[in-house]
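A structural walkthrough
The lines below spell out each chain.
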Amino acid sequence: MNPKNNQRKRLNQPAKSRSLVTATGRNVSRGAAIRAQKRTVQDANRVASQYLDASTNGGEKSQPRRANVIDDSPRLKITGLGGMDEGGAKNMMVIEYANDAIVIDCGNDLGIDLPGINYGIADTAYLDQIKSKIKAFVITHGHLDHMGALPHILPKYNVPVYGSRFTIGRVEEIFQNFGLPMPDGFELKTVIMNENTHERLKIGEFFVELVRVTHSIPGSTSIVLDTPVGRIINTGDFRLDPNPLDHERTDIERLKELGKEGVLLLMSESTTSDRPGRTPSESTIEQSIIDIMEGAEGRIFVAMFSTNVNRVQMIVNAAVKHNRKIALDGRSLVSTLEMAVRNGYMKIPKGTFVPIANVASMNPQDVVVVCTGSQAEPNSALQRMSTGEHKYVKLEGQDTVILSSNPIPYTGNDALVRTMVDEFMRKGVHVYRHESHEVDKCGPLHVSGHASMDEYAEMMEMTKPKFFMPIYGDYTAKKYHIDLAVEQGIPRKNTINASNGEIVAVSKDKIEVVGEAPRGTILVDQTGAIVSSIVVKDRVLLAEEGLVAVVLTIDKRTGQLLTSPDIISRGFIYMKDSEELMNAFRAELRRATSQRFKRVDLDRFKAELKDYVTHFLYEQTQHSPIVIPVVNVVGGRTEKPNGNGPDKQVNKQVGNEVVKTPEQVALEQQRRFAQMRQRLLNQDARVD
C-alpha cells in the first residue's frame, strides 16, 4: 500500500487506530505520540517540582494551606521552613510558644539551576497563618543564605530584625540595594545586640541572647532562646578557630556556662558533619598569600567571597608588605567593604586603594586586584576578565590569579570554575587554587567557615543538651550529625532528623514531630520579581523540546485555507534544513483542514489539530515540542436577495456611511492578515 494513501485515510479512522507509516518505516500510533508528549511534560514537571510553592505537593496533589494538627498545649514548637533539606539553603525556622513566635534567619537559595531563575526563597504560607504571633526576626549572620530573603518576606509582617552590629549592617545594605520598591507603610526596624556582653532582650515569651562564634564573616553568632519550656540554642554557622585574623574567637567560655546552667535543645548546623578532624585556622592562609606575591612578576588577581572581610584584610596586609596598591571590583564586594570600614571591622592604611580604571595604566608589579567571581558566576568581575569582556582589565600572560575559595557544595559550580580556569591557562596566566595548592607549590589558600566533626562534638560537649536536632544541612549530613551526637552520649530517642515543614514539639521530657506545615520554594528572577512554577515548567519544556506554532487562515464559508499554512519553529528544528519535512507537514495540514474544519466546532477543531500536529511531529522526529495552533477564520455569509438565488454583494447605506457587505469585510480582513503575516515572516530567518 502507498504510504501516502495510508496517511490520507488516517483522519477518517477512529482515534485509537490512527497511525502513520513514514519513509523511515516507523509506524507510530496516535496514542504513542500523546504518551510521549505526556512523558516529556512529566520530565519538565519533575525538574520544576523540586522547587514547588506551598500550594502544591509533589507537583500534583493539593497540599493543605493550614497545619494539619492544631496543638494548643504548653509545648514549644519548632518548624523549619527552609534549611532542613537542600544542603542548608534558604535557611528559616519558626520558634513558637502559645501566642508568640520568633523567626530565626531568612535566607535564599542561590543554587537553583532553572531558566531565568536567580534564587529561591522559602514560602511563607505558614507564617501568614500565624502572622499575629510573629514578634521578631533574629538573624545569626550576614550571609545571603541566612538573610537574603528579608526584602521579600519581612515587609509582610513589619516586625523588628535583631542581630549583631555587622549583621544589621548587612541587612540595611541589602534593603538599600534591593531593586524593587517596598510596600507602602513599611519601615525597616532593626535592633543591634552586643554579642560580647551577653545582653538578654525580652521578645514576647522569650529572652534572646547572641553568643559570638567564628565563621567566614564578622558578627556571626549563635542564638540562645530562653523559653517557658527551657533553653534552646541555634548555633548558626560556626567553627572553633583558635586564631582567627579578626580575633573574633567563638565564645567558648559562655557556651560552657550555658551548658552548666542547662540546655534543653541544641540545634547545630550540619554543613560539613562528615568531615573528620578540625577545620584549619584562617591564620594558615596569610603566609601563602605573602609567598605568592613575593614571586609574582605581573599583576595579581585574588577572587573570593565578597563577605569574607577577614580574607580581604589579609590581602591588604600582604599587599602593603609588598608595596602594592589594591583595586576592588564587584558591586557586592565594594558595598560590603564600605560597610565594614564604616563600622570599624577593617584597618586600611591611607592610600591603599586605587580605582579599577587605573589598573591598565599601572606598573604590573604595583597592583593587586581583589574581585568577585571565585565561583565563576556569570557576569562576575573575574568571569568577564577571563572572557575579555571586562571594561578596564584584560588578563595577559604573566598575570597571576588566586582563587581563594572552594566551589560551594550542592551548587554544581565545579564545572564552571574549571572552564574559567581553562581560559586563564590558555592566556598563559598563572593560576593558584586551593584544591590544587600542593601541585601548584604554594600553601593553603582557603579554609572552610564551617566546623568539622571534632568541633561539632566539642559544641555538644560544651552545651550538654538533653535533646539534639541537627539543622542547616541535607538529610545525610544531619544523619551523620545524629550519629556523632549518639557517640557523645545523647540517647538516639532524644534526637530528631526533621525535614522542611515538619512541626517539632519540645517539652521538658519529649521531642517529637506533631504535624506538618505548608512549605515550599518561591522562585525569583534577576529583577527580584516572583516567577510562577508553572512558568518555569514551560521554560524547562521549551528548553528540552522547543515550540512549534501552526497558523491557519481559513475561509469560513468554504472551509478551505486562504493561504499556505504558516509554521513557526523555535528550539525544535531549523526549518531551512528540513524542507521535505515542512512540505509534508503543510500537505497534512491542508488535508486535516479540508476534512475536519466544517465537521466540528472551532474549539474541537483546534484540539484535534493540536493532537494531530503532535502525532505527526513525534512520528517524523521522535520529539514532542510544545504545539500552539492558531486558527484565523475569515469571512462570513453574504446576503441573498429574497432569501434564495445565488449570493450577491449588497452595499447598504446608513446616513452618510456605506456599510460594507460581509464579503467586502472578509476581503479587508484577509488583506490585513496578509500584511501582518508578511511582517511576522520577515522578522526572523527561522520562520519559513
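The following refers to the structure shown. (Residues numbered from 1 in each chain as written. Predicted model: local features only at pLDDT ≥ 70, side-chain atom pairs only at ≥ 80, totals over all residues. Heavy atoms only, no water.)

What to know about empty space enclosed by the protein
The tally for this structure, following the rule as stated, stands at two cavities of 30 Å³ or more. Roughly 40 Å³ of volume is contained in the largest cavity. In terms of lining residues, the largest cavity is bounded by Val213, Thr214, His215, Ile217, Pro218, Gly219, Ser220, Asp246, Glu248 and Asn310. Looking at the lining of the largest cavity residue by residue, the class counts come to three nonpolar, five polar and two charged. By volume, the second largest cavity amounts to about 30 Å³. Looking at the second largest cavity, the residues that line it are Ser374, Gln375, Leu403, Ser405, Asn406, Pro407, Val417 and Glu435. Class assignment of the residues belonging to the lining of the second largest cavity gives a composition of three nonpolar, four polar and one charged. (1 Å grid on protein atoms, 1.4 Å probe; cavity = no way out; pocket = protein on both sides within 12 Å on 5 of 7 lines; lining within 4 Å. Points joined across faces, edges and corners; volume = space filled by probe spheres on them. Nonpolar A, V, L, I, M, F, W, Y, C, P; charged D, E, K, R; others polar.)

Quick word on the sheet that holds strand S27 (residues 521-524)
Spatially, S8-S9-S27-S28 is the arrangement adopted by the four strands of the open sheet, whose pairing is antiparallel. The outermost strands of the open sheet, each flanked by one partner alone, are strand S8 (108-109) and strand S28 (530-531). Where S8 lies against strand S9 (residues 119-122), two bridges are found, and the strand directions are antiparallel. Along S9, the bridge assignment pairs Asn108 with Ile121. (Pairing = 2+ DSSP bridges. Helix = DSSP H or I, 4+ residues; strand = E, 2+ residues; numbered from the N terminus.)

Digging into the pattern of salt bridges
This structure, assessed with the given rule, holds 25 salt bridges. Lys135 is paired through a salt bridge with Asp100; the nearest N and O atoms lie 3.0 Å apart. Of the two residues, Lys135 is situated in strand S10 (residues 134-138) and Asp100 in strand S7 (residues 100-104); the sequence distance between them amounts to 35 residues. In this structure Asp100 comes out as buried when scored by relative accessible area, which is 11%. With a closest N to O distance of 3.5 Å, Arg170 and Glu173 form a salt bridge. Pair noted here: Arg170 and Glu173 are both in helix H6 (residues 165-177), with a separation of three residues, about one helical turn. Each member of the pair, Arg170 as well as Glu173, is classed as buried. A network of salt bridges, in which partner residues are shared, links Arg200, Glu209, Asp226, Arg231, Arg254, Glu257 and Glu261. (Salt bridge = Lys/Arg side-chain N within 4 Å of Asp/Glu carboxyl O. Buried < 20%, exposed > 50% of the residue type's maximum accessible area, 1.4 Å probe, protein only.)

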